[in-house]
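# Breakdown of the fold
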Amino acid sequence: MHFVGLGHSHIVALAKGAYALAAQHGLATAEALTCRFFYLYDPQYEPPFVATDDGRRLNAGILAAIRDGAPRFILTSIGGNEHNVLSIAQRDGRFDFILGEDPELARDQQAETIPEAAIRETLRDWMADKTDILRALREATDIPIVQIEPPPPLPRKHVLAYPKEFFRSRIDQRNLSPDTLRYKMWRVQSGILRDLCGDLGVMYVETQPDMIDSAGMLAATAWGKDATHANDHYGEAMVASALRRVLDNPGRG
């Protein structure tokens, strides 16, 4: 079974995990597992859209990638770091919100409480360029597409261990958000992606429970080597979950 994977920064862990699965013949299937991954920040895939007389179309390199080797399905990790960018630090006053689907989660009593709707619309705006790519991929092909849920945020202590990803100068720890707020932001972003995938007929693979710790953050066994990304152990588990979904649901999505 051949598939192609493409996406943004979280695709790296998925690629490493997929190649490990293929090498060890992970998942007992009647045919060998093969795959090829494409990183959408590489120059040949940027910008993702090109103008045409009647609007725009996907970059020709992306269109070629999704047809590479006549894949059985396309695995995507489109966007996914927006919740981190918006929630790791708070420079203009502290904020928090009540998550409607889990209102009992802790809230920062020193912060201004803003409506969840404002969080959702801000995330939608930040995600728009990426979700447009997912829509265009769905329009470009009839084969199944599987979107992997972005990994949960890494805890504060891990962010502090890798400060350069988000902070060019010395960290003022007073500006760092509580982990609970960051977890709630991730839940909102995941909900937006899940709903979009449902509308598009794209399979949505949620984070495996053993990849989430008791506080809702990424489990230590899945931490990558920076402030926001997961490792190849996470990638292997998530790709295996995606493969099981495809084998159980071989249709369009």
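For the structure itself, look to the data block above.
The paragraphs below set out a description of the structure included in this document.

The rules behind the values
Residues numbered from 1 in each chain as written. Predicted model: local features only at pLDDT ≥ 70, side-chain atom pairs only at ≥ 80, totals over all residues. Heavy atoms only, no water. Helix = DSSP H or I, 4+ residues; strand = E, 2+ residues; numbered from the N terminus. Polar contact = N/O pair within 3.5 Å; in protein donor to acceptor, adjacent residues only side chain to side chain. Salt bridge = Lys/Arg side-chain N within 4 Å of Asp/Glu carboxyl O. Buried < 20%, exposed > 50% of the residue type's maximum accessible area, 1.4 Å probe, protein only. Axes fitted to C-alpha atoms, helices over the stretch in contact; angles between N-to-C directions. Parallel < 35°, antiparallel > 145°, perpendicular 65-115°, else oblique. Left-handed = near helix turned anticlockwise from the far one by under 90°. Contact = heavy atoms within 4.5 Å. Nonpolar A, V, L, I, M, F, W, Y, C, P; charged D, E, K, R; others polar.

## A word on the environment of Q24
Positionally, Q24 belongs in the loop between α1 (11-23) and β2 (34-39). A C-alpha to C-alpha distance of 33 Å links Q24 and L200, two positions 176 residues apart in sequence. Here the side chain of Q24 touches E236 through a polar contact of 2.6 Å, side chain to side chain.

## Details of the pattern of salt bridges
All told, the structure shown has 13 salt bridges when counted by the stated rule. In this structure, D132 and R56 form a salt bridge, with 3.1 Å as the shortest nitrogen-oxygen distance. Residue D132 is found in helix α4 (residues 116-140), and its partner R56 is found in strand β4 (residues 55-58); the two are separated by 76 residues along the sequence. Classification of R56 by relative accessible area gives partly exposed; the value is 49%. D108 is the partner of R94 in a salt bridge, and the nearest nitrogen-oxygen pair spans 2.9 Å. Note that R94 is positioned in the loop between α3 (82-87) and β6 (95-96) and D108 in the loop between β6 and β7 (112-113), a separation of 14 residues in sequence.

## Some remarks on the packing of α4 against helix α6 (residues 179-200)
Each pair of packed helices can be summarised by the angle the axes make with each other and by the distance between the axes. Closest axis-to-axis distance for the α4/α6 pair is 9 Å, and the angle between their directions is 40°. The angle between the axes of α4 and α6 places the two elements in the oblique class. The interaxial crossing formed by α4 with α6 has right-handed handedness. Mapping the contact onto sequence places E116, I119, R120, L123, R124, M127, T131, L134, R135 and R138 in α4 and M185, V188, Q189, I192, L193, L196, C197 and L200 in α6. Class assignment for the residues of the contact of α4 with α6 results in eleven nonpolar, two polar and five charged.

The quantities given are spatial measurements derived from coordinates; they are silent on function.
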